[in-house]
Amino acid sequence: SNAEHCCLILQAGLECILSGIMSVKGKKVLHMDRNNFYGAESASITPLDELYKRFSLPGKPPESMGKGRDWNVDLIPKFLMSNGQLARMLLITSVTRYLDFKVVMGSFVYKNGNIYKVPSTETEALATKLLGLFEKRRFKKFLGFVANIDVNDPKTLDGVDPQKTTMRELYSKFSLGPDVVDFTGHALALYGTDDYIDRPCIETINRIKLYSESLARYGQSPYLYPMYGLGELPQGFARLSAIYGGTYMLNKPIEEIIMEDGKVVGVKSDGEIARCKQLICDPSYVPERVTKVGQVIRVICILSHPIANTNNSNSCQIIIPQNQVNRKHDIYVCMISFAHNVAAEGKYIAIASTSVETNDPEQEIKPALDLLMPIDQKFVSIADQYEPTDPGTENQIFISRSYDATTHFESTCDDIKNIYNRMTGTEFNFAEMERHKKDTFGDAAE
C-alpha cells in the first residue's frame, strides 16, 4: 500500500496497548502479524490439540481432557494487579467493555516446604501461621508504618528519609528477620530478586502499597484474571484500535524492514510495502538490534485437582522466594481453572515459571512442580529473553523487551510506557490520556 501510517506494529502481543493508545490519540496505526491468531507470545491457545502440536507432543489429548474447544491455554502466566497499571490502561481506554474478569482467589508464599496465605494487612499479620508471635508484632508495626507514610508529611516518616534510607535499613529499623524480609520483598513488593534491598525504600513502600490497594478493591487477592484467557487482552486493544481507525492484518509474512537514510520507512510483505514513520516490534523481527539477557523456563501443567493447601482455590498465585530454594530468582506458579472458561469442567491449569540460572532448567523449577503433583500433562518451554540495544529514537524502530518470569503485568507496562516515551518524547500520563480521549471523542469515550 502507498498509504503511510504514523505507526506500524509487527506481531502485536501487549504492544497492542500502544496501538490502542496511539489510535485514541488520532494516529494512523497498522498491525501486521505473521501468526494466524491474536496476541503473539501472550496468546491463549485453543483448541487443546493445537497446544499438543505447538509443543510437538505425539498423539491427541485423551478423552479425559474433555472437549478441545473448552480449553484456552495461556503461553505466558500473568495476572493483573487490580489497582495496577494495566488495569488503569484498560479502564482509561474503555477496553474493559470487551472483557470480563474474575478475582483470583488467593495469593500464597512458600516457606520451608509449606504454603501459607500472604498476610498483607495488620489483622492478617497477627493471625498468620507464617510468623512467630514476636515477628507478628514487629511486622504489624512495619505494615502500619507503610500504610500511613506520606512523603509530604514529616510526622509520618518516623525519622526515615524515603529517598535515602535503603530498604535494608528500614527492615533493620523494625527488627524484621530473614523470613519476614523474604516474603515482604518477594510476596508483597513482588521483587523477583534481592537487588532492591539496597535501593531507596520508597520504591518498595510504593510496591507494598500497590499490593495492599489492589487487595482492598476485591478482598480475596490483589489479582484479576480475564475470562477466556489472557489472549482476550490483545484482542481487546486491537478492537479499540479498529474503532479509532486502526487496521489489523493476520497471516502477513514479514519479508523485509525498509530503511532510508538510517530511518525506517516501511515493511515489505507479499511483495508490497506498507509505509510508516515509526515501527514497533518484538525482538524476533530484528535479531541484529537486540541482545540476549537471559532465559525463562515455563511449564504448563494440566491438573485434575486444585493445588494442595490453597483452600481448594480455583485460582491462585504461589511465590517461592529465591532464598527458600537457594536461588537468585524467585519461582512463580499461576493457577486458573474451568471457572474462568479456560479448561474443561473439573480441570485446572497451573503454569510454573522462573529465570534460568543453570544448564538444567527443569531441575530448577522442580520445587514448583512438586507442589502440583499429580500432573496429568505438562508442556515445557525455555525461551530466550532479549532487550533492544538502542532506544530507537534515531532509526524510529522501537523494540519491546521479552516477557519476564513474573506473574503480573507491571514490568510489561513499564516497558510499554518506556516505548511510548521513546516514541513521543513525553512521559505517559494516565490523567492526560483520559482527558484527551474525552476531549476528542466526548460521550463516545465513555
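Residues numbered from 1 in each chain as written. Predicted model: local features only at pLDDT ≥ 70, side-chain atom pairs only at ≥ 80, totals over all residues. Heavy atoms only, no water.

A short note on the overall build of the protein
Phase 1: The helix and strand inventory of the protein stands at 13 helices and 19 strands.
Phase 2: Relative to the 2.2 N^0.38 estimate, which gives 22 Å for 446 residues, the radius of gyration of the protein is 22 Å and therefore close to what a compact globule would have.
Phase 3: Viewed in the frame of its principal axes, the protein has a C-alpha envelope of about 70 × 60 × 45 Å.
Phase 4: Among the 446 residues that make up the protein, the fraction classed as buried is 55%.
Phase 5: Counting only contacts in the protein whose residues sit at least 6 apart along the sequence, the fraction spanning at least 24 positions is 70%. (Helix = DSSP H or I, 4+ residues; strand = E, 2+ residues; numbered from the N terminus. Rg over C-alpha atoms; globule rule 2.2 N^0.38 Å. Buried < 20%, exposed > 50% of the residue type's maximum accessible area, 1.4 Å probe, protein only. Contact = heavy atoms within 4.5 Å.)

Considering the nonpolar core
Phase 1: Counting residues in each nonpolar core, the largest one holds 100 residues, and the members touching the most others are Leu-51, Trp-71, Leu-86, Phe-139, Phe-142, Leu-170 and Ile-349.
Phase 2: Element by element, the count of residues in this core is highest for helix H1 (residues 16–24), at 6 residues.
Phase 3: Contacts of Leu-51, omitting those with residues within four sequence positions, involve Ile-45, Val-73, Leu-75, Ile-300 and Phe-379. (Core = buried A, V, L, I, M, F, W, Y, C linked by side-chain atoms within 4.5 Å.)

Some thoughts on the sheet that holds strand E6 (residues 101–103)
Phase 1: Read from one edge to the other, the open sheet built from 3 strands follows the order E5-E9-E6, with strand pairing classed as antiparallel. A single partner strand is all that each edge strand has here, and the edge strands are strand E5 (80–81) and E6.
Phase 2: By the bridge criterion, 3 bridges tie E6 to strand E9 (residues 223–226) in an arrangement that is antiparallel. Bridging across to E9, Phe-101 finds its partner in Pro-226. (Pairing = 2+ DSSP bridges.)

Some words on helix H5 (residues 133–148)
Helical geometry note: an α-helix holds 3.6 residues per turn, so side chains three or four residues apart project in the same direction.
Phase 1: Its 16 residues place the ends of H5 23 Å apart at the C-alpha level, agreeing with the 22 Å of an ideal helix rising 1.5 Å per residue.
Phase 2: Against the buried residues of H5 lie helix H4 (122–127), helix H6 (167–173), helix H7 (178–188) and helix H8 (201–218). (Expected span 1.5 Å × (residues − 1).)

What to know about the pattern of salt bridges
Think of it this way: side chains of opposite charge can pair up when their charged atoms draw near.
Phase 1: Throughout the structure, instances matching the rule amount to 17 salt bridges.
Phase 2: Of the charged contacts, one joins Asp-376 and Lys-347 as a salt bridge, the two residues approaching to 3.4 Å between their closest N and O atoms. One end of the pair, Asp-376, is in the loop between helix H11 (366–372) and strand E18 (377–388); the other, Lys-347, is in the loop between strand E16 (331–337) and strand E17 (348–355), with 29 residues separating them in the sequence. (Salt bridge = Lys/Arg side-chain N within 4 Å of Asp/Glu carboxyl O.)

Considerations on the packing of helix H3 (residues 85–92) against helix H12 (residues 410–424)
Phase 1: Two numbers describe how H3 lies on H12: the axes approach to 8 Å, and their chain directions differ by 60°. On the basis of the axis angle, H3 is oblique to H12. Taking contact as the criterion, the partners of Gln-85, Leu-86 and Met-89 in H3 are, on H12, Glu-410, Cys-413, Asp-414 and Lys-417.
Phase 2: Residues belonging to the contact of H3 with H12 are distributed by class as follows: 3 nonpolar, 1 polar and 3 charged. (Axes fitted to C-alpha atoms, helices over the stretch in contact; angles between N-to-C directions. Parallel < 35°, antiparallel > 145°, perpendicular 65-115°, else oblique. Nonpolar A, V, L, I, M, F, W, Y, C, P; charged D, E, K, R; others polar.)

Remarks on the side chain of Ser-107
Phase 1: Residue position: Ser-107 is located in strand E7 (residues 106–111).
Phase 2: Polar contacts involving the side chain of Ser-107 include one to the side chain of Tyr-211, which spans 3.0 Å.
Phase 3: Sequence-distant contacts of Ser-107, that is, excluding residues within four places in its chain, are made with Tyr-116, Lys-117, Val-118, Tyr-211, Ser-221, Pro-222, Tyr-223 and Gln-317. (Polar contact = N/O pair within 3.5 Å; in protein donor to acceptor, adjacent residues only side chain to side chain.)

Notes on the sheet that holds strand E15 (residues 316–320)
Phase 1: One open sheet holds the 7 strands; their spatial order is E8-E7-E15-E16-E17-E14-E18, and the pairing between them is mixed. Lying at the two open borders of the sheet, with one neighbouring strand each, are strand E8 (114–117) and E18. Ignoring which end each strand starts from, the neighbouring axes of this sheet average 25° apart.
Phase 2: Direction of pairing for strand E14 (residues 290–303) relative to E17: antiparallel, over a ladder of 8 bridges. From the neighbouring strand, Ile-302 faces E17, where its bridge partner is Ile-349.

Digging into the packing of aromatic side chains
Phase 1: Under the defined criterion, the tally for this structure stands at 14 aromatic pairs.
Phase 2: With a centroid separation of 5.1 Å and 75° between ring planes, the pair formed by Phe-139 and Phe-183 is classed as edge-to-face. Of this pair, Phe-139 sits in helix H5 while Phe-183 sits in helix H7, and the two are 44 residues apart along the sequence.
Phase 3: You can call Phe-183 buried: its relative accessible area is 3%.
Phase 4: Summarising the aromatic geometry, the rings of Phe-142 and Tyr-171 are spaced 6.1 Å apart at their centres and angled 40° between planes, so their arrangement reads as tilted. One end of the pair, Phe-142, is in helix H5; the other, Tyr-171, is in helix H6, with 29 residues separating them in the sequence. Grouping residues by exposure puts Phe-142 and Tyr-171 together as buried.
Phase 5: What links up through ring pairs into an aromatic cluster is the set Phe-139, Phe-142, Phe-145, Tyr-171, Phe-174 and Phe-183.
Phase 6: Between the NZ or CZ atom of Arg-88 and the centre of the ring of Phe-430, over which it lies, the distance is 3.9 Å.
Phase 7: Above the ring of Tyr-191, the side-chain terminus of Arg-207 is found at 3.9 Å from the ring centroid. (Phe/Tyr/Trp six-rings, centres within 6.5 Å; stacked < 30°, edge-to-face > 60°. Lys NZ or Arg CZ within 6 Å of the ring centre and 35° of its normal.)

Re the domain arrangement of the protein
A common way to state how big an interface is: give the accessible area lost once the parts meet.
Phase 1: When the domains of the protein are assigned, the result is domain 1 (5–41 + 231–291 + 388–440), domain 2 (45–105 + 292–385) and domain 3 (119–218).
Phase 2: Facing 15 residues of domain 2, the contacting portion of domain 3 comprises 16 residues.
Phase 3: Carbon and sulfur atoms supply 54% of the area that domain 2 and domain 3 bury against each other, a total of about 1,300 Å² over both sides.
Phase 4: On the domain 2 side of the contact with domain 3, Met-81, Ser-82 and Asn-83 bury the most area, a combined 39% of that side's loss.
Phase 5: Linking domain 2 to domain 3 there are 0 salt bridges.
Phase 6: Taken together, domain 2 and domain 3 are joined by 10 residue pairs in polar contact (both at pLDDT 80 or more).
Phase 7: The residue makeup of the side of domain 2 that touches domain 3, split by class, is 5 nonpolar, 8 polar and 2 charged. (Domains from an automatic or database assignment. Buried area = accessible area lost by both parts, 1.4 Å probe.)

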